[in-house]
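Chain by chain, the residues:
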Amino acid sequence: DLQTTKRLANGIEMPIFGLGVYKMTDPQETIEAITTALQVGYRAIDTASLYHNEEQVGEAIRHSGVPRNDIFVTTKVWNTDQGFDNTLRAFEESLKKLDMDYVDLYLTHWPVEGKYTETYRAIERLYEEKLIRVPGVSNHHKQHIEEVLKVAQTPPMVNQIEAHPYLSQEPLRAFCKEHNIAVTAWSPLGRGGVLIDETILKMGDKYGKSPAQIVLRWHIQNDILVIPKSVTPSRIEENARIFDFELTEEDMRSLNNLNRNQRFGKDPENFHFDF
Ligand code: NAD
């Protein structure tokens, strides 16, 4: 069901499904979206200092009636805060905004050249100090992870990357699997951009499911964790109703075949962190 988890390298159980809160800029709307999500059974929230809504995440969780330790909270260190000391400072800032005493998962948001290995070492320190339950990274390609592994005592346990049927990320997923790194998809719906695909629409008709449900189910059957974003209550609920059906192997194959290595976001290979 909605509270299905994946066991990470250190034995921590991470919900395979959660709510992403990027671009939720209106504080009231953000609180309402998270409140709805928790009410319908979501138990993971994905934020970042960049999103400027960590306060609302904390507030919505505190007022939800769901115990803090039943909820898996992810946040991330932004590009301008990277390096060892800066990361420790940024984390403290995030913790203060969330008004929590620990974070479940802390990620390097992007692999800022010359800084990301030191950033990860700080994340590792936070893990040793038990201020975070899981250390991880985001937008790391194979070569970035290899660099991190050279300096890390505790390898990252999660890599959050753009993934959807038009960017299936098979080689990177296989690499992560080899290293026992769970993969979370950001923009799992391609920001809505894959939902008008003919194959996906047809499959929706076949299963009596919406295109978003088909796509999210595809992720889950591929062992990819998902954090779809919506502020619309009916969609927040719709996106969660993916545990009552299964795509056949043949349909999984035809969805896998939609891959065209198309990104809706930045490429970690050549991004400029002025965004
Ligand atoms: P998404 O793929 O989740 O798409 C969200 C958009 O799809 C919504 O704004 C809405 O317009 C549409 N949508 C949602 N549910 C729908 C439904 N049922 N039917 C029709 N349309 C629907 O895109 P996202 O917000 O970019 O990604 C999800 C989360 O991933 C973010 O909120 C954030 O938490 C995370 N993220 C992380 C990074 C990173 O660098 N680590 C980058 C981008 C996003």
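The model shown is predicted, which means the values in this text are computed figures rather than measured ones.

(A) Looking closely at the overall build of the protein. Tallying secondary structure elements over the protein gives 10 helices and 10 strands in all. On C-alpha atoms alone, the protein measures out to a radius of gyration of 18 Å, which is about the 19 Å that the 2.2 N^0.38 rule sets for 275 residues. Along the three orthogonal principal directions, the C-alpha set of the protein runs to about 55 × 40 × 35 Å. The buried share among the 275 residues of the protein stands at 46%.

(B) Here's a closer look at the site of the ligand. In the neighbourhood of the ligand, 26 residues make up the surrounding shell, with Gly20, Tyr22, Trp186, Leu189 and Lys229 lying closest. For the shell around the ligand, the element with the most residues is helix H9 (residues 233-240), which contributes three residues. Here the shell around the ligand is composed, by residue class, of nine nonpolar, 12 polar and five charged.

(C) Local environment of the sheet that holds strand E8 (residues 158-162). Taken in spatial order, the eight strands line up as E3-E4-E5-E6-E7-E8-E9-E10 in an open sheet, and their pairing is parallel. Every other strand in the sheet has two partners, leaving strand E3 (19-20) and strand E10 (224-226) as the edge strands with one partner each. Here strand E6 (residues 103-108) pairs with strand E7 (residues 132-138) via five bridges, running parallel. Bridge pairing in E7 links Thr108 to Val137.

(D) Focus on the UniProt feature "site: Lowers pKa of active site Tyr" (unreviewed entry) in the protein. The UniProt entry lists Lys76 under the feature "site: Lowers pKa of active site Tyr" (unreviewed entry), expressed in the numbering used here. Inspection of the secondary structure puts Lys76 in strand E5 (residues 72-77). Apart from residues lying up to four places away in sequence, Lys76 is in contact with Ala48, Ser49, Leu107, His109 and Ser138.

(E) Highlighting the packing of helix H7 (residues 198-207) against helix H8 (residues 211-221). Interaxial distance between H7 and H8 falls to 8 Å at its minimum, and their mutual angle equals 95°. With respect to their mutual orientation, H7 and H8 come out roughly perpendicular. For the pair H7 and H8, contact is made by Ile200, Leu201, Met203, Gly204 and Tyr207 and by Pro211, Ile214 and Val215, respectively.

(F) Representation of the UniProt feature "domain: NADP-dependent oxidoreductase" (unreviewed entry) in the protein within the structure. As recorded in UniProt, the sites labelled "domain: NADP-dependent oxidoreductase" (unreviewed entry) are residues 23-259. In residues 23-259, the share of helix is 45% and the share of strand is 15%. The end C-alpha atoms are 26 Å apart.

(G) Structural context of the environment of Asp99. Considering the arrangement of structural elements, one finds Asp99 in the loop between helix H3 (84-98) and E6. Judged by C-beta crowding, with 13 C-beta atoms within 10 Å, Asp99 ranks as partly exposed. As a C-alpha pair, Asp99 and Lys23 span 76 residues in sequence and 21 Å in three-dimensional space.

(H) How the structure looks around the pairing of E7. E7 sits mainly inside the fold: six of its seven residues count as buried. Sheet analysis places E7 next to E8, joined by two bridges and oriented parallel. Its bridge partner lying in E8, Ser138 is registered against Gln160. A crossover links E7 with its parallel partner E8, the connecting element being helix H5 (residues 142-151), and its sense is right-handed.

(I) Layout of the packing of helix H4 (residues 116-128) against H5. Look at H4 against H5: their axes get within 9 Å of each other, and the N-to-C directions meet at 55°. Relative to H5, H4 is oriented oblique. In the crossing of H4 with H5, the sense of the turn from one axis to the other is right-handed. Here H4 contributes Tyr116, Thr117, Tyr120 and Arg121 to the contact with H5, which in turn contributes His144, Glu147, Val148 and Val151. Its residues assigned to classes, the contact of H4 with H5 comprises four nonpolar, two polar and two charged.

(J) Layout of the confidence of the model for the protein. Per-residue confidence for the protein gives a mean pLDDT of 97; residues scoring 70 or more make up 99%. The ipTM assigned to the predicted complex is 0.99, against a pTM of 0.98.

(K) Here's a closer look at H5. Here H5 has its buried residues at His144, Ile145 and Val148. For H5, the angular spread of the buried residues around the axis is 95°, confining them to a single face. Opposite the packed face of H5, turned more than 90 degrees from it, sit the exposed residues Gln143, Glu146 and Lys150. Where H5 is buried, its residues meet H4, E7 and E8.

(L) Structural view of the pairing of E8. Taken across its five residues, E8 has five buried, putting it largely inside the fold. In this sheet, strand E9 (residues 182-186) lies alongside E8 in parallel orientation, the contact comprising five bridges. Bridging from a neighbouring strand, Val158 pairs with Ala182 of E9. In the classification by handedness, the crossover that spans E8, the intervening helix H6 (residues 170-178) and the parallel E9 is right-handed.

Analysis parameters
Residues numbered from 1 in each chain as written. Predicted model: local features only at pLDDT ≥ 70, side-chain atom pairs only at ≥ 80, totals over all residues. Helix = DSSP H or I, 4+ residues; strand = E, 2+ residues; numbered from the N terminus. Rg over C-alpha atoms; globule rule 2.2 N^0.38 Å. Buried ≥ 20, exposed ≤ 12 C-beta atoms within 10 Å, placed from the backbone. Near = placed C-beta within 6 Å. Nonpolar A, V, L, I, M, F, W, Y, C, P; charged D, E, K, R; others polar. Pairing = 2+ DSSP bridges. UniProt positions renumbered as here; feature names shortened; annotations may be inferred. Contact = placed C-beta atoms within 7 Å. Axes fitted to C-alpha atoms, helices over the stretch in contact; angles between N-to-C directions. Parallel < 35°, antiparallel > 145°, perpendicular 65-115°, else oblique. Right-handed = clockwise from strand over helix to strand, strands pointing away. Left-handed = near helix turned anticlockwise from the far one by under 90°. pLDDT = per-residue confidence, 0-100. Arc of directions from axis to C-beta.

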